[in-house]
Amino acid sequence: MSLTGAVIGLAIAATSPAHAEALLVVEADSGKVLQAENATYPWYPASVTKIMTAYVTLKAVKEGRLSLDSLLTVSPTAAAQSPSKMGFRPGIQVTVDNALKMMMVKSANDMAVVLAEGVGGSIDGFSEQMNQTAQRLGMTQTSYVNPNGLPADGQVTSARDLAILARAFIRDLPEYEYYVHIPSIRYGRRVTQNFNKLIGRFPGADGFKTGFICASGYNLVASATRNGKRLIAVVLGSSSGRARAVRAAQLLERGFANTGLAWLKPALGTVDNLAPVDATPPNLRDEMCGGKRKRPASDEDEDVTVAGNSNSASGGETTMTFFTAGLQPPTLRPSDMIAAAAAPSEPVIVYTGPTRTGEALIAANAADAAAQTVHRGKKTRAAGKKPVATAEAKPETGETGKDARHAAKPAAARHAHVKPDAGATKPSDRPAAAKPVARTAKPPIAGKPVKLAPRSIEAKPGSGAAAAPRS
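Below is a summary of the structure that appears in this document. (Residues numbered from 1 in each chain as written. Predicted model: local features only at pLDDT ≥ 70, side-chain atom pairs only at ≥ 80, totals over all residues. Heavy atoms only, no water.)

To continue, consider unusual backbone geometry. Looking along the chain, the bond that leaves Pro83 and enters Ser84 is cis, with omega of 5 degrees. With omega at 0 degrees, the peptide bond leading from Gly207 into Phe208 counts as cis. Mapped onto the secondary structure, Phe208 falls in strand 7 (residues 205–213). The phi dihedral of Asn38 is positive, around 55 degrees, even though this residue is not glycine. Within the chain, Ala46 stands out as a residue other than glycine whose phi angle is a positive 55 degrees. Of note, Ala46 is situated in the loop between strand 2 (33–37) and helix 2 (49–62). (Helix = DSSP H or I, 4+ residues; strand = E, 2+ residues; numbered from the N terminus.)

Okay, structure coming up:
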């Protein structure tokens, strides 16, 4: 009777949760589970898919099938991916190294496809390699359809499987872990911070990747190391980018604090032995991107409050942390850590074309910055009179169809931080359609105002945006 009740309870939880969320904390070396909540329910992965894309790519590098310096070409398919993306035109070439950095920090969907086509020949060919790898690793609840996590039927995973993947990355590719904890990248004038807010804020944070689509909510696979012990936390379905980071920090903090009192906790076994749940992934589309939100949901949504998350996290935890939570509080609360500014770091320069070092690298970055300035100047001179939306947020993963209208950001707003060159507003640079009307003016006479005939109004930089190709 109790077993039947438990099954019914699980079914109800799977179909109508007040707020669906999956949590998991494991030891990286042993796979021992420290906490698990909905850890084996199927879930839409969103951009945490890119952990597998990086894993398959770097395994190919390690096996000598290509190198980090190998040049890959942006195809029309790659260029057509939804944001977030670098926006390179078809035919542009990037190294495997730069594509990985752009994909893991900016969560660039076009770079994920560039890598997939470079390694697997096509999206389908690479997805087959991803699925073969998942099966080999024991990720029995995972299925991949694309390399970037954009919405697709059949793209599914679980917190359990993501922890297994993170452990495999640490175990099999230790020489390439650099790619999962880069604080920021610089492409020309543009600096992009890592969406993983634990990097540079949570002591010991050293991986991995975030993800978001409307159906999945805010996902995060995170890792941290203290005193030689490394933990992996998985948070799926959180309410905002900041909330998932706070939740992951709470889980990791408790995991480190509780390791000395393991005898108080019920044994949960290892992550590989967690029993999968046969259910339909929760769809959080209405909750994440519905009309009740003040603005489109995105991975930069910092207006969603996380007040009370500490209580909700502890209240929703399993019994194993009940006895020990709070016995060894951190110097700062997790919410304070995430709210603080990230530790200063020099952005890693990324660029197009072949591998460059030293002065050649500096010159490449300067050339990219100059090209961005010229491109922005052209867009400004062609700008219309529509006001630029300044309060919209960029999606990390992006969606298609209806969700794109909620999450996509206008091209001009995406580049609003790039200033036009100094000469962009000189009369000689005005478009032909903006010829000034002839006017006459007499020399000013003391005490008398000067009257001028009306003239055409030239669009100021940032006042509007014409239909221009995304860069």
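Additional details are given in the paragraphs that follow.
The mixed open sheet is built from three strands, whose spatial order is 6-5-10. A single partner strand is all that each edge strand has here, and the edge strands are strand 6 (190–193) and strand 10 (348–349). Pairing geometry for strand 5 (residues 184–187) and strand 10, over two bridges, is parallel. What sits directly across from Arg186, in strand 10, is Ile349. Contacts between helix 4 (residues 96–105) and the sheet are confined to strand 5, strand 6 and strand 10, with strand 5 contributing the most and set at about 120 degrees to the helix. (Pairing = 2+ DSSP bridges. Contact = heavy atoms within 4.5 Å. Axes fitted to C-alpha atoms, helices over the stretch in contact; angles between N-to-C directions.)

Summed over the entire model, instances satisfying the criterion amount to five aromatic pairs. Taking the centre distance of 5.3 Å and the plane angle of 70 degrees together, the rings of Phe88 and Tyr187 count as edge-to-face. Of the two residues, Phe88 is situated in the loop between helix 3 (76–79) and strand 4 (93–95) and Tyr187 in strand 5; the sequence distance between them amounts to 99 residues. Take Phe88: its relative accessible area is 8%, and that puts it in the buried class. Aromatic side chains Phe169 and Phe208 sit 5.8 Å apart centroid to centroid with 80 degrees between the ring planes, which places their arrangement in the edge-to-face category. (Phe/Tyr/Trp six-rings, centres within 6.5 Å; stacked < 30°, edge-to-face > 60°. Buried < 20%, exposed > 50% of the residue type's maximum accessible area, 1.4 Å probe, protein only.)

Keep in mind these values describe shape, not function.
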